[in-house]
2 protein chains.
Amino acid sequence: MMYFYRMFEDKSKKRTPLSDFGEFSLIKHLTSNFKMTNRTTVKGVGDDAAVLNFAGDSVVLSTDFLIEGVHFDLSYMPLKHLGYKSVVVNLSDIYAMNAKASQITVSIAVSNRFSVEAIDELYEGIIAATKVYGVDIVGGDTTSSTSGLTISITAIGHLNGKDLVERNGAKVNDLLVISGDIGGAYLGLQVLQREKEVFKVNPNLQPDLDKYSYVIQRQLKPEARKDIIQILKDLNVKPTSMIDVSDGLSSEIIHLCTQSNVGCELYEDKIPLDPVVISTCEEFNLDSTTIALSGGEDYELLMTIRQVDFEKIKGNPNLTVIGYIADEKIGINLITRGHEKIALKAQGWNSLQS
Amino acid sequence: MMYFYRMFEDKSKKRTPLSDFGEFSLIKHLTSNFKMTNRTTVKGVGDDAAVLNFAGDSVVLSTDFLIEGVHFDLSYMPLKHLGYKSVVVNLSDIYAMNAKASQITVSIAVSNRFSVEAIDELYEGIIAATKVYGVDIVGGDTTSSTSGLTISITAIGHLNGKDLVERNGAKVNDLLVISGDIGGAYLGLQVLQREKEVFKVNPNLQPDLDKYSYVIQRQLKPEARKDIIQILKDLNVKPTSMIDVSDGLSSEIIHLCTQSNVGCELYEDKIPLDPVVISTCEEFNLDSTTIALSGGEDYELLMTIRQVDFEKIKGNPNLTVIGYIADEKIGINLITRGHEKIALKAQGWNSLQS
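To keep things clear, this report deals only with the structure shown in the data block. Predicted model, so just to flag it, every value in this text is computed and none were measured. (Residues numbered from 1 in each chain as written. Chains lettered and ligands numbered in written order. Predicted model: local features only at pLDDT ≥ 70, side-chain atom pairs only at ≥ 80, totals over all residues.)

**Details of the sheet that holds strand E13 (residues 332–335) of chain A**
Residue and element names in this part refer to chain A. Read from one edge to the other, the open sheet built from 7 strands follows the order E9-E11-E8-E12-E10-E13-E14, with strand pairing classed as mixed. Looking along the sheet, the strands with just one partner apiece sit at the ends: strand E9 (241–244) and strand E14 (341–343). For this sheet, the mean angle separating the axes of adjacent strands, direction not counted, is 25°. (Pairing = 2+ DSSP bridges. Helix = DSSP H or I, 4+ residues; strand = E, 2+ residues; numbered from the N terminus. Axes fitted to C-alpha atoms, helices over the stretch in contact; angles between N-to-C directions.)

**What to know about the interface of chain A and chain B**
Listed as interface residues are 48 residues of chain A and, on the opposing side, 48 residues of chain B. Residue contributions to the side of chain A that touches chain B peak at 9 residues, all from strand E3 (residues 58–67) of chain A. Counted by class, the side of chain A that touches chain B contains 20 nonpolar, 20 polar and 8 charged residues. (Contact = placed C-beta atoms within 7 Å. Nonpolar A, V, L, I, M, F, W, Y, C, P; charged D, E, K, R; others polar.)

**Here's the deal with helix H4 (residues 184–201) of chain A**
Since there are 3.6 residues in each turn of an α-helix, residues three or four apart along the chain are aligned in direction. Residue and element names in this part refer to chain A. In a regular helix each residue adds 1.5 Å, so 18 residues correspond to 26 Å; H4 covers 26 Å between its end C-alpha atoms and thus fits that length. Burial in H4 covers these residues: Gly184, Ala185, Tyr186, Leu187, Gly188, Leu189, Val191 and Leu192. Looking at the packing, one finds that the buried side of H4 touches helix H5 (213–220), helix H8 (275–284) and helix H9 (288–294). (Expected span 1.5 Å × (residues − 1). Buried ≥ 20, exposed ≤ 12 C-beta atoms within 10 Å, placed from the backbone.)

**Section: the nonpolar core**
Ranked by size, the top nonpolar core spans 200 residues in total, and within it Val60 and Leu91 of chain A together with Val60 and Leu91 of chain B carry the most contacts. Not counting residues up to four positions away in its chain, the partners in contact with Val60 of chain B are Ala49, Ala50 and Val51 of chain A together with Ile94, Met97, Ala99, Gly157, His158 and Leu159 of chain B. (Core = buried A, V, L, I, M, F, W, Y, C linked by C-beta atoms within 7 Å.)

**Considering the packing of H4 of chain A against H5 of chain A**
All names here are of chain A. At a minimum axis separation of 7 Å, H4 and H5 run at an interaxial angle of 100°. Considered as vectors, H4 and H5 are oriented roughly perpendicular to each other. Along its contact with H4, which presents Gly184, Ala185, Leu187, Gly188, Leu189, Val191 and Leu192, the element H5 presents Tyr214, Val215, Ile216, Arg218, Gln219 and Leu220. Here the residues of the contact of H4 with H5 sort into 9 nonpolar, 3 polar and 1 charged. (Parallel < 35°, antiparallel > 145°, perpendicular 65-115°, else oblique.)

**Remarks on the sheet that holds strand E12 (residues 319–326) of chain B**
All names here are of chain B. Pairing is mixed in the open sheet, where 7 strands are placed in the order E9-E11-E8-E12-E10-E13-E14. Looking at which strands have only one partner, the edges of the open sheet turn out to be strand E9 (241–244) and strand E14 (341–343). Across this sheet, the average inter-strand angle for adjacent strands is 25°, counted without regard to direction. Bridge count for strand E10 (residues 263–267) against E12 is 4 bridges, and the pairing is antiparallel. Note that in E12 the partner of Gly263 across the bridge is Ala326.

Encoded structure:
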């Protein structure tokens, strides 16, 4: 996969000032590409509100802010990827409820530093994500800002009430399971930040980032695990609790356990790591377990399943058992490779501070 | 009603820096006052997404950004009023679909210029509005920003599909009807901006704003016309089209007419104006019709109804017939007091530029 870095941008590209468009015509320009494909979408953009009909299903709804200088840095985050990622992080929350995502609203506030072409690029990524995940854009707001770019996305999904998986259903003896592998997104950010510093010193040096492409992709173009929801359905496994890994494994495990009033033991040697994560950790002199526990932004799904369901998921390359749920009294612990028991902390375990 | 002006603020009030709270504990602090009262709210804050169930009803959804320095100025907009208004402007869109508003999500991005007490004040207004309008806060995002305050609210409502009123249903010979009176909110802003300049010159001068209290209230604490939706139901009148007046009467009439492919004649002498609007216009040397057409932010409901429904609304103090729908070919016109016909423009009619 090719990455287009803003730092190597072609400055000759056409840049139409936003002021050439009024607010209404900018919205018209941006929304002309939206196509409604979900039967639950009755009416999208163009009235005071969108109209949806879920025919008796429960509706799930989640919203997130993405703010320039806080959540992203445009010097290494291409606008198209930013658009894609802003959709993905919201859909991830819908899947974490075991629901089908069907609509989003997209609101953006932009300063006049941005051109119409820049906003088009952002929307290209947003629209690409809606196609991959099969969701409709049904509304939003477009406004000017006094500084930078702010994106606010609301994702809407639906499900039959009996399929709902919440954070608070984990039971003693359940297995703790995670999809995919973790730690990559955080390391991708470390690589990009290092390259930004190198670029500042020598703008003509073309970096060779090929060997980091996995972790860079995890940072710049994460995917939401819609496929896992389907796999679980196909396997006839309904998790007892589920959450998406946005803040880091440690913090998400603590959410599940505290909301379910249970404890847990997580095995260090079971945490799934990609070989590029391990080699990049070595290069950066970082402890891979610390990164896995505290990194964040991997958008994998962390869940608990009943022991009786173990046979169904055994051997599935998308799902890894990393621990088990125990009585609240034992606490929330990491069992290290050296068989030590360490209490997990919300911001990663102790070694992060050391 | 008393107004608390930020410019006369008591500087001795306690100000806890936001950094004293982590993100999670700030959210916990803010959400501890949220109470769920709607039967359609299955689950509010506390999981990856909110869960709603509308039992077969259609769902309507609208979202708006409010950005400091673009949509509000904290030097004369008290935070509590800002919170109240940000909810109201979103609910107004739901009522404009002839729907019942039931939930909102509230996302805020704040710079460290704001204290915990300031955010509490904002939420006091937000919560006050949810009580007045009977809606639940079911989610949101709380994050830091690099500059100022940004609020993003999504409002959710529902209705039986057959009750839906869109923008595109106006028919030739329908009557054009507006709720309440208009122009006040814009004049309130003019008064507040003038007082801000006066205050800059002499901070000790306590302004006497009593005679402007109606227009200031229209600007600082507007209400959404939930009552009108009930009145229409009670009168057994279903509008053929409807929109809320956020950008100004002229622009909203053009929306209804163009989306319905019709023309219209609006009578200048029928436009409902409060006596304070008229007297303040005289004082500021402004034309009251121009203000009514282009002012905006009144959050009244503009609708079209069938001629046969006229008897039902006749004499209702909340509803005024201001014109009628005509063939597309005649255009969208204002008939002046002097019987002149002037084409309406999106940003108000011509005299605004003169």
